[in-house]
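# Working through the structure, step by step
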Amino acid sequence: MQDAEPIPFRKDGQEVQDYLRSESYDGGFVVTDLEASDRVIARVTDGIYREPAAAFRELISNAWDADASRVTIHTDAPRFSRVTVSDDGRGMSLQTLTRLIKSIGGSAKRTHEGKELGITSKADVGLTPNGRPIIGKIGVGMFAVSQLARQFTIATKVEGESYRTIAEIHLRTYEEDNSAQGDSRDGEDSFRSGKVFIKTEPTEDTYAHGTDIIISYVKPNVRKILSSTDRWRLIDEKDKAALSNDWDTFASIKESVPAHHIGQFVGATREGEIKRGPSLPWSSDTPADERMSLLMDAVESQTTRVQRPDLSSSLDAYLHMVWNLALSSPVRYVGPSPFELSAKDSIKAFWLPPDSSTPAQELDLTSGCTVREAARDQVAGAPLLMENEQTPVGSFDVDVDGILLRRPIRYRHISTGERGLPNSLLFVGKFKPDLSKVDPTIRGGDLSFDGYLFWNGRVIPRDNNGVLIRIRGASSAYFDESFLNYKISETTRLRQIVSEIFVHDGVDAALNIDRESFNYAHPHIQFVQSWLHRSLRKLTNKHKEISRRLRDTRKLHFIENNEDFIESSLEELWQRERGDEPRPSIEVFSEFAEINRSRDDGNLTLDESEISKSIGASTLDPEVKRQATAIYEILLAFDLLTEKSFDQHAEIVAQILKVVR
Ligand SMILES: Nc1ncnc2c1ncn2[C@@H]1O[C@H](COP(=O)(O)OP(=O)(O)OP(=O)(O)O)[C@@H](O)[C@H]1O
Ligand SMILES: [Mg+2]
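For clarity, every value in this text was computed on a predicted model and none was experimentally measured. (Residues numbered from 1 in each chain as written. Chains lettered and ligands numbered in written order. Predicted model: local features only at pLDDT ≥ 70, side-chain atom pairs only at ≥ 80, totals over all residues. Heavy atoms only, no water.)

Moving on, we come to unusual backbone geometry. What you tend to see is this: most non-glycine residues have negative phi, and most peptide bonds are trans. A cis amide bond links A77 to the next residue, P78, at an omega of 0 degrees. Within the secondary structure, P78 is located in the loop between β3 (70-75) and β4 (83-87). That bond from I460 to P461 is cis: its omega, -5 degrees, falls within 30 degrees of zero. Checked against the element boundaries, P461 lands in the loop between β16 (448-455) and β17 (466-471). For D67, which is not glycine, the phi dihedral falls at a positive 60 degrees. (Helix = DSSP H or I, 4+ residues; strand = E, 2+ residues; numbered from the N terminus.)

This is the structure we're talking about:
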């Protein structure tokens, strides 16, 4: 096939198949391009995403790429009929806007053309003119708006111009195309993705710059999702069932009012009413930049109800979306970043050598230095963790309805009771593999990243458990609790780990087009995966070592002080089922305040009055109390209670106790 030089086939009105059959054809190869059908474009512009939040995520990324310092999102929550997303970035020139419309899927970002359009830095096409790593790459992100609406308006202005441009985009949807087209051939035209109406408007304010995306009519099904309509309906049904003593229906509905929500709105956009006012963890005069932290507190405070609170039971769909946007946007952490932690944060820190055989190296934090400083000063080669985090790229704030987004991950040591480790463990590392041996055609460019694994007695909320891969500061997937398919089953320890990987170069190409999942066959993802799995093993080894030491000292203590049969059989059971994991601290209290305090301290606390009531006693004598805690511990050792609330724990223990007594 290599012999003859292929002749590029030119479309001078002749089809390639006609040329191949014509007299003038000489028997050699001709080259032609692969072309995409409008159908593909229509499908892509109709949305390749899983949830409405994708639209906001993509618009935030675009604002970041446009060097904006602030993005303001307004919704008319809890109605969710109108949405605007405004940024103060560089805006779009007519040329850039035309390109956006005419070349869907042909992003100019990270290309030389981007340089000419002034949307990438002159020196490095991977950076914005102001030096931020560019997130966009494909040229489809904007169409994520189709998740929210069929029509939207882009109003944009470039600094120095005396006009602003307004483009109204009317999208057809794929579904519509199907029905309009049927099987007839002349329907081909209806696969057009949509129409754009453009105009310019003179403006006095030549200095102004930025872009607004205006959605004045949100799709009804999206409104329904954002306003948690289905959940509220079930809650109403449950309330009704209770009023009419229909306990069968009542018990079958598992939904309950989320601890925090934006309110319940019933009805159509215009005529409708707010049936339930909002329940938010702040008041109207709370500053925007304190709200994310209060939202985290609110979710964390659910630990008096369940062992590992999760977002969907604590928050309604809207607040959950705000949380997820905060997690995926290139914004600051709600508190210090993991690399800025120090000994006062109750951590022990370790360096992860990149190879598979060298164990993690403990970093000395006694001088009061941060983890970043300790790594730089104590590890060979003076590695600097997250150099980019320190490079100023201008501030970037995202405000959603008055909530300033901050990355909702905290590295506070959460106690698991007096038997647990007194510290959290933070493992940090950097990786830049030598890819010279990988075939350049499949290598997918360079790869480099920094990462950490944070072990804590409890990960709250549960949704923060797993690994999250950020590419250039942004991420469109959330925490992956499988840790990229880690096959070793050590459920408890894995449930206690939060990990993030910050990719500087590479991995983009391993992201599937929905940007929410990875192509595991891509070499970059395989490198990330094997680094992560090695690091998990190193963490496990250290954690085991530390727990074993702690156990041994406690065991001595126990032998000296206790000859109890129940105690020794529980100790044995726990070790058999849970290995080196410390046994839970179980307490019994009857006062509400005491119970809550004890749970906040990380204990598993049984409500004495609940249990005595259910077994028909007025109080619990010490022996029954002992039986109750032993039953509780057995259930915990076999991991039978994880998804149950504390009230259910007490109920289960009481029911068993009733039978055995
Ligand atoms: N807020 C904005 N400010 C300035 N320009 C923008 C903005 N949003 C979009 N653009 C322009 O429109 C183009 C298309 O945006 P879109 O999100 O569809 O693709 P992309 O960002 O280039 O790539 P990706 O599909 O990976 O997001 C961008 O390349 C950019 O030039
Ligand atoms: Mg984009």
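Now that the structure has been shown, we can carry on.
Opposite charge on two side chains allows them to pair when their charged atoms are near. By the definition in use, this model includes 38 salt bridges. For D236, the salt bridge goes to K275, with nearest N and O atoms at 3.0 Å. Of this pair, D236 sits in helix α8 (residues 229-243) while K275 sits in strand β10 (residues 272-276); the two residues are 39 residues apart in sequence, bridging distant segments of the chain. We classify D236 as partly exposed; its relative accessible area is 22%. The salt bridge involving D297 is made with R410; its shortest N-O contact spans 2.9 Å. Of this pair, D297 sits in helix α10 (residues 288-300) while R410 sits in the loop between β14 (403-404) and β15 (424-431); the two residues are 113 residues apart in sequence, bridging distant segments of the chain. Exposure remark for D297: the relative accessible area of 31% places this residue in the partly exposed category. The network of salt bridges with shared partners includes E567, E571, R583, R626 and E633. (Salt bridge = Lys/Arg side-chain N within 4 Å of Asp/Glu carboxyl O. Buried < 20%, exposed > 50% of the residue type's maximum accessible area, 1.4 Å probe, protein only.)

The next thing to look at is the confidence of the model for the protein chain. Residues of the protein chain with pLDDT of at least 70 account for 92%, and the chain-wide mean is 88. Note that pLDDT drops below 50 for residues 180-188; the model gives that stretch five contacts with residues more than four away or on any other chain. (pLDDT = per-residue confidence, 0-100. Contact = heavy atoms within 4.5 Å.)

Moving on, we come to the packing of helix α20 (residues 608-615) against helix α22 (residues 646-660). It is at 9 Å that the axes of α20 and α22 come closest, and there the two elements cross at 35 degrees. Remark: the crossing between α20 and α22 carries right-handed chirality. Touching I611, S614 and I615 of α20 are A650, V653, A654, L657 and K658, all from α22. Grouping the constituent residues of the contact of α20 with α22 by class yields six nonpolar, one polar and one charged. (Axes fitted to C-alpha atoms, helices over the stretch in contact; angles between N-to-C directions. Left-handed = near helix turned anticlockwise from the far one by under 90°. Nonpolar A, V, L, I, M, F, W, Y, C, P; charged D, E, K, R; others polar.)

A word on the site of ligand 1. Close to ligand 1 lie 20 residues, the nearest being S107, K109, K137, G139 and V140. S107 has a polar side-chain atom sitting 2.4 Å from an oxygen atom of ligand 1. Protein contact buries 95% of the 600 Å² of open area that ligand 1 shows by itself. Breaking the shell around ligand 1 down by element, the ones donating at least two residues are α3 (53-65) and α4 (94-102). Along the lines of polarity and charge, the residues of the shell around ligand 1 split into seven nonpolar, eight polar and five charged. (Near = heavy atom within 4 Å. Polar contact = N/O pair within 3.5 Å; in protein donor to acceptor, adjacent residues only side chain to side chain. Areas by Shrake-Rupley, 256 points an atom, 1.4 Å probe, with all protein chains shown as cover.)

Another aspect to go through is the nonpolar core. Grouped together as the largest cluster of nonpolar side chains are 60 residues, with contacts concentrated most on M142, F152, I154 and L405. Tallying contributions element by element places α3 first for this core, with eight residues. The two domains that each donate at least three residues to this core are domain 2 (41-224) and domain 3 (227-328). F152 has contacts with M142, V145, A167, E168, I169, L171, I213, I214 and I215, leaving out every residue within four places of it along the chain. Residues F427, F431, F449 and L550 belong to the second largest nonpolar core, which totals 34 residues. (Core = buried A, V, L, I, M, F, W, Y, C linked by side-chain atoms within 4.5 Å. Domains from an automatic or database assignment.)

Considered domain by domain, the protein chain is made up of domain 1 (1-35), domain 2 (41-224), domain 3 (227-328), domain 4 (338-385 + 409-548) and domain 5 (584-660). Each of domain 3 and domain 4 was reduced to a C-alpha centroid, and the two centroids are 33 Å apart. Counting from both sides, the interface comprises 16 residues of domain 3 and, opposite them, 19 residues of domain 4. Both sides together, the interface formed by domain 3 and domain 4 hides about 1,600 Å², and carbon and sulfur atoms give 52% of it. Our count for the domain 3 to domain 4 interface comes out at four salt bridges. Taking the shortest distance from any N to any O, the salt bridge between R462 and D310 comes out at 3.5 Å. (Buried area = accessible area lost by both parts, 1.4 Å probe.)

As a further point, take the environment of A77. Mapped onto the secondary structure, A77 falls in the loop between β3 and β4. Using a relative accessible area of 27% as the deciding quantity, one classes A77 as partly exposed. Separated by 186 residues in sequence, A77 and G263 have C-alpha atoms that sit 8.3 Å apart. Among residues more than four places away in sequence, those in contact with A77 are I262, Y318 and D401.

With that settled, consider the pairing of β3. Of the two faces of β3, the one lined by V71, I73 and T75 is fully buried and the one lined by R70, T72 and H74 carries no buried residue. Direction of pairing for β3 relative to strand β13 (residues 397-400): parallel, over a ladder of four bridges. Counterpart to I73 in the pairing with β13 is V400. The pairing of β3 with β4 spans five bridges and is classified as antiparallel. Following the sheet pairing, I73 is matched in β4 by V85. (Pairing = 2+ DSSP bridges.)

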